[in-house]
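Residue-level listing of the chains:
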Amino acid sequence: MLRGVTLVAEVSGYKKYPSGHAYFTLKDERAAIGSVWFAQYASSGFRPENGQLVEAVGSVSLYPKEGRYQFYVRAMRPAGLGALYL
């Protein structure tokens, strides 16, 4: 597991569920990674929007059920508008 990773990327497909967990993709012009922001970390009041550039801190781990890597966000803050969105 890669811990303490900081990504500056654009939010895409953001969806928050009744459980409080949010699922989305973080992407830039070269890559994308599926991401999850669990409710216990997402209580800061910040709610990202699709196309928004964010700075996200978390860890990368394998999601065994689907056999793919996923970014687990622990903290996130706005960083402007994403170039892909613009």
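Presented here is an overview of the structure given in this document. No experiment lies behind these values; they were computed from the predicted model shown. (Residues numbered from 1 in each chain as written. Predicted model: local features only at pLDDT ≥ 70, side-chain atom pairs only at ≥ 80, totals over all residues. Heavy atoms only, no water.)

## Some details on the layout of surface pockets
- In this structure, the largest pocket occupies an estimated 220 Å³ of space.
- Residue lining of the largest pocket: Val5, Leu7, Val8, Ala9, Leu26, Lys27, Asp28, Arg30, Ala31, Ala32, Ile33 and Val60, and that is the complete set.
- Breaking the lining of the largest pocket down by element, the ones donating at least two residues are strand E1 (2-16), strand E2 (22-27) and strand E3 (32-37).
- Considering each element in turn, the lining of the largest pocket owes the most residues, four residues, to E1.
- Residue classes in the lining of the largest pocket are distributed as nine nonpolar, no polar and three charged. (1 Å grid on protein atoms, 1.4 Å probe; cavity = no way out; pocket = protein on both sides within 12 Å on 5 of 7 lines; lining within 4 Å. Points joined across faces, edges and corners; volume = space filled by probe spheres on them. Helix = DSSP H or I, 4+ residues; strand = E, 2+ residues; numbered from the N terminus. Nonpolar A, V, L, I, M, F, W, Y, C, P; charged D, E, K, R; others polar.)

## Comments concerning the environment of Leu26
- Mapped onto the fold, Leu26 is located in strand E2.
- We classify Leu26 as buried; its relative accessible area is 3%.
- Ignoring any residue separated from it by four or fewer positions in sequence, one finds Leu26 in contact with Leu7, Ala9, Glu10, Val11, Ala31, Ala32, Ile33, Ser35, Val54, Ala56 and Phe71. (Buried < 20%, exposed > 50% of the residue type's maximum accessible area, 1.4 Å probe, protein only. Contact = heavy atoms within 4.5 Å.)

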